[in-house]
Amino acid sequence: MNMPITSAQADLPSDREVRVQRSFKAPRNLVYEAYTKPQLMKRWLLGPPGWTMTVCEMDVRPGGEYRWRWRSEAEGQEFGFFGEFREVEPLSRMVHTQHYDPGDVGGPMASDEPAIITVELVEQDGFTTVTTTMLFPSKEARDGAVASGMTDGMELSYQLLDQQLAESA
């Protein structure tokens, strides 16, 4: 039996990839819903305190599009991501493109080519482990994303997801 991963664990499988793993004490169907229902996602996918998700539009099916946007309540700055779902295997796997919309936050992650994001969910012994693999168009784009504090922001969001899943149980 594998031990649950209780805080985000990141590694760099190649010079263009970031892989982040995290386990949640919840059945896979609840975790999948949290990743695919905008009203749930807006409650946990927030990153650092003081940010709100002002736009969360998702058509979760192959060929369906999404748009996410966040706003800093203190500074009023905004940024977002948008793209298209390429694969959706309910409860187990989603693959989507991800274009960065720097808004007025800016940053080095902007590229004409999207990143390819793969999210896989595996349930075992009452825990669901989510593995998110981000394939960036270049090493520079990957390094810019890592330098932004992305994985720390992911863990802060995952802590909110822990709370949300505990309330749903």
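Predicted model, so just to flag it, every value in this text is computed and none were measured.

Criteria and cut-off values
The residue numbers shown here count from 1 along each chain, following its written sequence. Whole-chain, interface and lining totals are the exception, using all residues; otherwise, since this is a predicted model, local features are given only for residues with pLDDT of at least 70 and side-chain atom pairs are given and counted only at 80 or more. Side-chain measures here rest on the full set of heavy atoms in the structure, leaving out hydrogens and waters. Any two strands with at least two DSSP-identified bridges between them are counted as paired. Each helix is a run of H or I in the DSSP string that is no shorter than four residues. Each strand is a run of E no shorter than two, and both are numbered from the N terminus. The axes used here are C-alpha line fits, helices contributing only the stretch in contact, and every angle between their N-to-C directions lies in the interval 0 to 180 degrees. Only heavy atoms matter for contacts: two residues are in contact if any of them lie within 4.5 Å across the pair.

Chemist: What am I meant to see in the sheet that holds strand E7 (residues 115-124) here?
Modeler: Judged by pairing direction, the sheet is antiparallel, and its 8 strands sit side by side in the order E1-E2-E8-E7-E6-E5-E4-E3 without closing on themselves. Bordering the open sheet on either side are strand E1 (9-11) and strand E3 (51-58), each of which pairs with just one other strand. With direction set aside, neighbouring strand axes in the sheet form an average angle of 20°. Pairing geometry for strand E6 (residues 93-101) and E7, over 6 bridges, is antiparallel. The residue of E7 that forms the bridge with Arg93 is Glu120. With respect to the sheet, helix H1 (residues 28-36) is in contact with strand E2 (17-24), E3, strand E5 (78-89), E6, E7 and strand E8 (127-135), its orientation differing from that of E7 by roughly 155°.

Chemist: Which parts of the structure should I look at to understand the pairing of E3?
Modeler: Walk down a regular strand and you will see the side chains alternate between the two sheet faces. Two strands pair when backbone bridges link them, and E3 and strand E4 (residues 65-72) are joined in this way by 7 bridges, in the antiparallel orientation. If you follow Met58 over to E4, its bridge partner there is Tyr66. The antiparallel hairpin formed by E3 and E4 contains 6 residues in its connecting segment, where Gly63 sits at a positive phi of about 90°.

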